[in-house]
Amino acid sequence: MSQAPESSETVETRGDERVDLLRADTNHDGRTDVWVADTDGDGTADLFQFDTDGDGKVDITMVDIDEDGTPEEVVDGDGGLPPEQHTPTVRV
């Protein structure tokens, strides 16, 4: 079984009651391999997804429902799709 990358860094988002999605290329191969989301817009990340084998698909998903730093749910398995990338739109 693959191990999810461990991080001691805290991921902060805007905290503006909007869903935020951050992505990272942790191994510098030019492809996204970590997705972090603040699903309730409170400024604290609570959903983490990892592509551990570089195929562009999510291998491990971790959810920290109560945001205490310990995931309540970990889903392991290949085949998940990463979150959709949306281009921001500006309305005037």
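The rules we used
Residues numbered from 1 in each chain as written. Predicted model: local features only at pLDDT ≥ 70, side-chain atom pairs only at ≥ 80, totals over all residues. Heavy atoms only, no water. pLDDT = per-residue confidence, 0-100. Helix = DSSP H or I, 4+ residues; strand = E, 2+ residues; numbered from the N terminus. Contact = heavy atoms within 4.5 Å. Core = buried A, V, L, I, M, F, W, Y, C linked by side-chain atoms within 4.5 Å. Buried < 20%, exposed > 50% of the residue type's maximum accessible area, 1.4 Å probe, protein only.

A. Quick peek at the confidence of the model for the protein chain. Overall, the prediction assigns the protein chain a mean pLDDT of 75, with 67% of residues at 70 or greater. Mean pLDDT in the protein chain bottoms out at strand E5 (residues 73-80), which sits at 73, and peaks at strand E3 (residues 47-50), which reaches 88. Under a pLDDT of 50 for its full length, residues 1-5 has, in the predicted model, 10 contacts with residues more than four places off or in other chains.

B. Layout of unusual backbone geometry. Non-glycine residue His28 carries a positive phi angle of around 60°. In the Ramachandran plot, Glu67 falls in the positive-phi region, its phi being about 55° despite a non-glycine side chain.

C. Fine view of the nonpolar core. Val34, Val36, Ala45, Phe50, Ile60 and Met62 together form the largest nonpolar core, which totals 6 residues. Contributing elements (two or more residues each) for this core: strand E2 (34-38) and strand E4 (58-63). Residues in contact with Val34, not counting those within four places in the same chain, are Leu22, Arg23, Ala24, Thr26, Gln49 and Phe50.

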